[in-house]
Amino acid sequence: MSPVSDKETIYSIIRGLALPFFVVDHDNKIIFFNEPLEELTGYSEQEVLGKPCHEILRSDICKDHCPVKETMATGRDAVNLEMTIQRKNNLPIPVRITTSVIRDKEGKVIGGLESFRDISFLKSLRKEIREKCTYHKIVSRNKKILEILDDLTDIATSNATVLIQGESGTGKELFANALHELSPRKDKPFIKVNCGALPETLLESELFGYKRGAFTDAKKDKPGRFQLAEGGTIFLDEIGEISKNIQVKLLRVLEKKEYEPLGSVQTEKANVRIIVATNRNLRALEQSGDFREDLYYRLNVITLNIPPLRERKEDIPLLIEHFMESFNQTVYGKINGITTQAMKLLLNHGYPGNVRELENIIEHAFILCRENYIAPKHLPDCLTDRFPSPAVKGKKLEELVDNFEKQLIEETLKQYGGNIERIAEELGVHRSTLWRKMKKNNIKHSIVEGLG
Ligand SMILES: Nc1ncnc2c1ncn2[C@@H]1O[C@H](COP(=O)(O)OP(=O)(O)OP(=O)(O)O)[C@@H](O)[C@H]1O
Ligand SMILES: [Mg+2]
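What counts, and at which threshold
- Residues numbered from 1 in each chain as written.
- Chains lettered and ligands numbered in written order.
- Predicted model: local features only at pLDDT ≥ 70, side-chain atom pairs only at ≥ 80, totals over all residues.
- Heavy atoms only, no water.
- Helix = DSSP H or I, 4+ residues; strand = E, 2+ residues; numbered from the N terminus.
- Rg over C-alpha atoms; globule rule 2.2 N^0.38 Å.
- Buried < 20%, exposed > 50% of the residue type's maximum accessible area, 1.4 Å probe, protein only.
- Contact = heavy atoms within 4.5 Å.
- Phe/Tyr/Trp six-rings, centres within 6.5 Å; stacked < 30°, edge-to-face > 60°.
- Arc of directions from axis to C-beta.
- Core = buried A, V, L, I, M, F, W, Y, C linked by side-chain atoms within 4.5 Å.
- Salt bridge = Lys/Arg side-chain N within 4 Å of Asp/Glu carboxyl O.
- Near = heavy atom within 4 Å.
- Polar contact = N/O pair within 3.5 Å; in protein donor to acceptor, adjacent residues only side chain to side chain.
- Areas by Shrake-Rupley, 256 points an atom, 1.4 Å probe, with all protein chains shown as cover.
- Domains from an automatic or database assignment.
- Pairing = 2+ DSSP bridges.
- Expected span 1.5 Å × (residues − 1).
- Axes fitted to C-alpha atoms, helices over the stretch in contact; angles between N-to-C directions.

Participant: Would you mind going over the overall build of the chain in detail, with residue names and values included?
Facilitator: Within the chain one finds 22 helices and 16 strands. For 452 residues, the compact-globule estimate of 2.2 N^0.38 gives 22 Å, and the C-alpha radius of gyration of the chain, at 32 Å, exceeds that figure by more than 25%. In terms of principal-axis extent, the alpha carbons of the chain reach across some 105 × 70 × 40 Å. A buried classification covers 41% of the 452 residues belonging to the chain. Looking at the chain alone, contacts between residues at least 24 apart form 63% of all its contacts between residues at least 6 apart.

See the structure below:
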């Protein structure tokens, strides 16, 4: 007996493998279905032999992109692809599959092999972790955020004014919502006002309301947001944008709990919890004189500083799963997961737009993705653009450095109105060096003369 060529011997060896797998011929018909796979799927080998694999597995992927068929056609293996197959009794089983081709002695493809790993446990574990990391819709396992979450209930019940600071899209509104939901005021209104979106006079009447006849168009009394929020919470977003006049009025609400609607002589009482948010540095605004010091200290009783997403990369995979789960409930349709390459790109991104940007990226992927997995091709171009960028491609280092130097000098020239001494100081070079570099880079004196 020739041990290698004897089909039965090879079959008896691989039959003993613990890994569930099947083998198909080049027509995708099952020719081998091992015992662990019988156990996993509930089918016996006899039932499935000669049938196309998609009829047995009935996975969502099988219809459009049969992985083993693609592997046989392209020679490329699928590795650890996540999908959901169905047991004989129609119960879904989440699995990871790996495919490879089977060739004859001449190297001709004669079939394909697909092996399975049951990941039900992994999936439920992932879900459990995500649920543990979710608190009032806030998903995080970042130390700084967890510290905030630890105190959130105490802060919420305290009735104190809260200042939430963080870059745009970090989740400030989400925290404001959670504070209201956790407070004894939760059954009363939560009213949000975007202070940056309205001009001063409109904002004033929006906040405090007006009486009939207060101005030409005031045909009847209109309640302000403070009145609408009575007994509940008012969330003043972009508080850094309010004018000095409104700052005074807000200070009065904070100190005396009272205000007057426009055109009214009567003082109204306000029983409203105030939460404010800003993506600007309120302390810096106070120091530059743009924000009243007394109001700043009144608002700064309890401050929540929400770190940007780039400082909590550990949250990225959790947030991706969270957003995938929410988009899976919408019209976009089902997506099973994300490929390792796409995850790598998402982990390496800088997120100037923070969590909102990540949410938009996942939504973008849901719109484009016709398969089961979010792959790099479904991500926005800015994430997948490879180095060197087109602007850099084919250029010599010297040329790039010269370009950059020229641009830098020109910008600084504009900034300092042609004051050579100041520019030289800013760029950390001697005046004569600056003149030389300007000459070399052909920077026109007119910029200097024109502005000087
Ligand atoms: N930790 C988080 N977990 C889950 N979703 C989050 C988280 N942080 C932010 N989001 C989501 O990201 C989006 C932006 O959050 P939000 O509007 O609260 O940010 P923001 O800081 O108020 O932004 P802006 O400064 O632009 O007003 C929302 O859809 C929100 O639900
Ligand atoms: Mg906001």
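Participant: Describe the packing of aromatic side chains, with residues and values.
Facilitator: Scanning the model with the defined rule gives nine aromatic pairs in all. Look at Phe21 and Phe32: their rings are 5.6 Å apart centre to centre, the planes differ by 15°, and that puts the pair in the stacked class. On the criterion of sequence distance, the pair formed by Phe21 in strand β1 (residues 21-25) and Phe32 in strand β2 (residues 30-33) is long-range, its members being 11 residues apart. Here Phe21 matches Phe32 in class, with each residue buried. Where Phe22 meets Phe116, the ring centres are 5.7 Å apart and the plane angle is 50°; that geometry is what we call tilted. Of this pair, Phe22 sits in strand β1 while Phe116 sits in strand β5 (residues 109-118), and the two are 94 residues apart along the sequence.

Participant: So what's going on with the side chain of Thr278? Which residues, and what values?
Facilitator: Summarising the element assignment, Thr278 is placed in strand β13 (residues 273-278). Once residues within four sequence positions are removed from consideration, Thr278 is found in contact with Leu163, Ile164, Gln165, Gly166, Lys172, Ile239 and Gly240.

Participant: How would you sum up helix α20 (residues 420-427)? Please name residues and give values.
Facilitator: Along α20, the residues classified as buried are Ile420, Ile423 and Ala424. Around the axis of α20, the buried residues are gathered within 100° of arc, so they sit on the same side. Set apart from the buried face of α20 by more than 90 degrees, the exposed residues are Glu421 and Glu425. Of the residues one or two after α20, Gly428 is the one with positive phi, at around 70°.

Participant: Before we move on, could you go through the nonpolar core and cite the residues and values that matter?
Facilitator: Residues Leu207, Phe226, Ile234, Leu236, Ile239, Ile242 and Phe291 are the most contacted members of the largest nonpolar core, which totals 29 residues. Residue assignment for this core shows that the elements contributing at least two residues are β9 (190-194), α10 (200-208), β10 (233-237), α12 (244-256), β13, α13 (282-287) and α14 (293-299). When residues in this core are grouped by element, the largest group, five residues, is from α12. Counting 26 residues, the second-largest nonpolar core is a separate cluster that includes Leu309, Ile316, Ile361 and Ala365.

Participant: Describe the pattern of salt bridges, with residues and values.
Facilitator: Two side chains with opposite charge may pair up if their charged atoms get near one another. In total, this model carries 24 salt bridges according to the counting rule given. A salt bridge links Glu255 to Arg298; the nearest nitrogen and oxygen atoms lie 3.7 Å apart. Here the residue Glu255 occupies a position in helix α12, and Arg298 occupies one in helix α14, the gap between them amounting to 43 residues. A relative accessible area of 38% places Arg298 in the partly exposed class. Arg312 is the partner of Asp315 in a salt bridge, and the nearest nitrogen-oxygen pair spans 3.3 Å. On the basis of relative accessible area, Asp315 is assigned to the buried category, the value being 0%. Residue class for Arg312 comes out buried when judged on its relative accessible area of 3%. Three or more residues are tied together by salt bridges with common partners; here these are Arg252, Glu258, Glu260 and Lys269.

Participant: With reference to specific residues and values, describe the site of ligand 1.
Facilitator: Inspection of the region around ligand 1 gives 19 residues, with Ser168, Gly169, Lys172, Arg356 and Glu359 positioned closest. A distance of 2.9 Å is found between an oxygen atom of ligand 1 and a side-chain nitrogen or oxygen belonging to Arg356. Relative to its unbound accessible surface of 630 Å², ligand 1 loses 86% to contact with the protein. Listed by contribution, the elements that provide at least two residues to the shell around ligand 1 are β7 (138-139), α9 (172-181), α15 (315-328) and α17 (354-368). Counting the residues that make up the shell around ligand 1, at least three belong to each of domain 2 (143-305) and domain 3 (310-384).

Participant: With reference to specific residues and values, describe the pairing of β9.
Facilitator: Side chains Ile191 and Val193 of β9 all project onto a buried face; the interleaved residues Phe190, Lys192 and Asn194 project onto a face where none is buried. Direction of pairing for β9 relative to β10: parallel, over a ladder of five bridges. For Val193, the partnering residue across the bridge sits in β10 and is Leu236.

Participant: Give me the domain arrangement of the chain: which residues, what numbers.
Facilitator: Assigned domains within the chain: domain 1 (12-118), domain 2 (143-305), domain 3 (310-384) and domain 4 (397-451). The C-alpha-based centres of domain 1 and domain 4 are spaced at 66 Å.

Participant: I'd like a description of the environment of Phe21, backed by residues and values.
Facilitator: By relative accessible area, Phe21 is classed as buried at 3%. Here the alpha-carbon distance between Phe21 and Ile97, two residues 76 residues apart in the chain, equals 9.0 Å. Apart from residues no more than four positions distant in its own chain, Phe21 is found in contact with Ile14, Phe32, Phe33, Asn34, Leu37, Leu113, Glu114, Ser115 and Phe116.

Participant: Lay out α17 in plain terms, naming residues and giving numbers.
Facilitator: For α17, which comprises 15 residues, the first-to-last C-alpha distance of 22 Å matches the rise-based estimate of 21 Å (1.5 Å per residue) to within 8%. Packed against the buried residues of α17 are α15, α16 (340-348), β16 (373-374) and α18 (381-384).

Participant: Describe the sheet that holds β13, with residues and values.
Facilitator: Reading across from one edge, β9-β10-β13-β8-β14 is the order of the five strands in this open sheet, with parallel pairing throughout. Two strands in the sheet have a free side with no partner beyond their single neighbour: β9 and β14 (302-305). Adjacent strand axes in the sheet meet at a mean angle of 20° when their direction is disregarded. The pairing of strand β8 (residues 162-165) with β13 spans four bridges and is classified as parallel. Along β13, the bridge assignment pairs Val162 with Ile275. In the packing of α9 onto the sheet, the strands contacted are β8, β9, β10, β13 and β14, and the crossing angle to β8 comes to about 155°.

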